[in-house]
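Structural characterization, general
Each chain is listed here by its residues.
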Amino acid sequence: MRIGELAALTGVSVRALRYYEEQGLLDPWRGPNGRRQYPQDAVDRVRLIRRLYAAGLSSRTIRELLPRAANGEATPELLERLSAERRRLDGQIGDLVHARGELDEVITLATESRRTGRPCPRP
DNA sequence: TTTCTAACA
DNA sequence: TGTTAGGA
């Protein structure tokens, strides 16, 4: 498929797809017209890239991780880098869980206040 | 209309 | 990354 279709299917801008290629994350082949051609599974690949970027991984880490996402080969250095990312994500997840708990608390108090018609207790 | 490269706010 | 220029 061409870049426009991949962009529509993934919700990623055409510009971003070209950028991913520049970063070595995507490797489309060029048709005789010079236009980029992507395989069907590029859709999943782009979605994976988005998730990893969103999780805070660098393009370099993603680039080195992608070819090994399926099989189990990875250098000790990459493995250590990925473990560090994993630990970092664990920390973020912990923070998120905490933040969710605080929102839950406010929501609960506000809901209760509505039900009873009494103002929320001041913190 | 879509895509391409290159470069800049 | 968005945007813009200028060509295919």
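Residues numbered from 1 in each chain as written. Chains lettered and ligands numbered in written order. Predicted model: local features only at pLDDT ≥ 70, side-chain atom pairs only at ≥ 80, totals over all residues. Heavy atoms only, no water.

In the nomenclature of an unreviewed UniProt entry, chain A is known as MerR family transcriptional regulator of Streptomyces griseoaurantiacus M045.

Moving on: the nonpolar core. Core analysis: the biggest nonpolar cluster contains 20 residues, and Leu6, Leu17, Tyr20 and Tyr38 have the highest contact counts within it. Of all the secondary-structure elements, those providing two or more residues to this core are helix H1 (3–10), helix H2 (14–22), helix H3 (42–54) and helix H4 (59–65). Top contributing element to this core by residue count: H3, with five residues. (Core = buried A, V, L, I, M, F, W, Y, C linked by side-chain atoms within 4.5 Å. Buried < 20%, exposed > 50% of the residue type's maximum accessible area, 1.4 Å probe, protein only. Helix = DSSP H or I, 4+ residues; strand = E, 2+ residues; numbered from the N terminus.)

This paragraph deals with the protein's contact with DNA strand C. Surrounding DNA strand C, one finds Ser13, Arg15, Ala16, Tyr19, Tyr20, Arg35 and Arg50. When the atoms of DNA strand C within 4 Å of the protein are grouped by moiety, sugar and phosphate amount to 41% of the total. Between DNA strand C and Ser13, the relevant distance is 2.7 Å, taken from a phosphate oxygen to a side-chain nitrogen or oxygen of the residue. In the environment of DNA strand C, a base oxygen lies 2.9 Å from a nitrogen or oxygen atom belonging to the side chain of Arg15. Per-element accounting of the surface near DNA strand C gives the leading share, four residues, to H2. Taken together, the residues of the surface near DNA strand C break down into three nonpolar, one polar and three charged. (Near = heavy atom within 4 Å. Polar contact = N/O pair within 3.5 Å; in protein donor to acceptor, adjacent residues only side chain to side chain. Nonpolar A, V, L, I, M, F, W, Y, C, P; charged D, E, K, R; others polar.)

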